[in-house]
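Listed here are the chains, written in short residue letters.
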Amino acid sequence: MLLAHKIALDPNAAQRLYFARAAGTARFAYNWALAAWQKQYKAGGKPSEVSLRRQLNAVKREQFPWMFDVTKCAVQEAIIDLGSSFRAFFEKRGRYPRFKRKGDKASFCAANEAGTFRY
């Protein structure tokens, strides 16, 4: 038997703004990583989620300083999700990952020690 707890969030205005910013940052990181994956794959490389996270971490201080306004987990988990999408695609369990659009189920994941928290 699986047990679950549903917790409803009732964020105030500042928290809603933070959640929206974190979801937008996660969407940007996912799209950035997908574009980098496609570029590297076409060039004959073998990209991975770990290498993409390292590449983004190397350039985000100069190119995307606004990413530091939200938790690092939003960016990190978005790229991990992209890696999972590609694994599912290569194992014929899913379709090729697509770019995320603004307004399409905006979400992000904030990892914690015991598990994960998804908004």
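## What to know about the packing of aromatic side chains
In total, this model carries nine aromatic pairs according to the counting rule given. Each ring, one from Trp37 and one from Phe86, has its centre 4.0 Å from the other, and the planes form 5 degrees; the classification is stacked. Linking Trp37 in helix H1 (residues 13-42) with Phe86 in helix H3 (residues 72-90), this pair joins segments that are 49 residues apart in sequence. The structure contains a cluster of three or more aromatic residues connected by ring pairs, namely Trp37, Phe86, Phe89, Phe90 and Tyr96. If you follow Lys60 out to its NZ or CZ, it ends over the ring of Phe68, 5.2 Å from the centre. When the ring centre of Tyr30 is taken as reference, the NZ or CZ atom of Lys100 above it lies at 4.6 Å.

## Quick look at the pattern of salt bridges
Scanning all chains against the criterion turns up two salt bridges. Where Arg87 meets Glu49, a salt bridge forms, and the shortest distance between an N and an O atom there is 3.2 Å. Placement of Arg87 in helix H3 and of Glu49 in helix H2 (residues 49-63) is noted, with a sequence separation of 38 residues between them. When its relative accessible area of 42% is taken as the criterion, Arg87 is described as partly exposed.

## As for the nonpolar core
Leu52, Leu56, Leu82 and Phe108 are the most contacted members of the largest nonpolar core, which has 23 residues in total. At the level of secondary structure, the elements contributing two or more residues to this core comprise H1, H2 and H3. Element by element, the count of residues in this core is highest for H1, at 10 residues. If we skip the residues at most four places from it in the chain, Leu82 touches Tyr30, Ala33, Leu34, Leu52 and Pro97.

## Some words on the environment of Lys105
Mapping Lys105 onto the fold places it in the loop between H3 and strand E1 (109-111). Owing to a relative accessible area of 79%, Lys105 belongs among the exposed residues under this scheme. Once the C-alpha coordinates of Lys105 and His5 are considered, the two residues, 100 residues apart in sequence, prove to be 21 Å apart.

## What about H3?
Spanning 19 residues, H3 covers 28 Å between terminal C-alpha atoms, matching the ideal 27 Å at 1.5 Å per step. All buried positions along H3 are accounted for by Cys73, Ala74, Val75, Glu77, Ala78, Ile79, Leu82, Gly83, Phe86 and Ala88. Looking at the packing, one finds that the buried side of H3 touches H1, H2 and E1. Directly beyond the C-terminal end of H3, a positive phi value near 60 degrees is found at Lys92.

## Here's the deal with H1
Taking 1.5 Å of rise per residue, 30 residues should cover 44 Å, and H1 covers 44 Å from first to last C-alpha, within 8% of that figure. Backbone nitrogen of Ala14 and a side-chain oxygen of the N-cap are separated by 3.1 Å at the start of H1; the cap is Asn12. Backbone geometry just after H1 places Gly44 at a positive phi near 95 degrees.

Calculation notes
Residues numbered from 1 in each chain as written. Predicted model: local features only at pLDDT ≥ 70, side-chain atom pairs only at ≥ 80, totals over all residues. Heavy atoms only, no water. Phe/Tyr/Trp six-rings, centres within 6.5 Å; stacked < 30°, edge-to-face > 60°. Helix = DSSP H or I, 4+ residues; strand = E, 2+ residues; numbered from the N terminus. Lys NZ or Arg CZ within 6 Å of the ring centre and 35° of its normal. Salt bridge = Lys/Arg side-chain N within 4 Å of Asp/Glu carboxyl O. Buried < 20%, exposed > 50% of the residue type's maximum accessible area, 1.4 Å probe, protein only. Core = buried A, V, L, I, M, F, W, Y, C linked by side-chain atoms within 4.5 Å. Contact = heavy atoms within 4.5 Å. Expected span 1.5 Å × (residues − 1). Polar contact = N/O pair within 3.5 Å; in protein donor to acceptor, adjacent residues only side chain to side chain.

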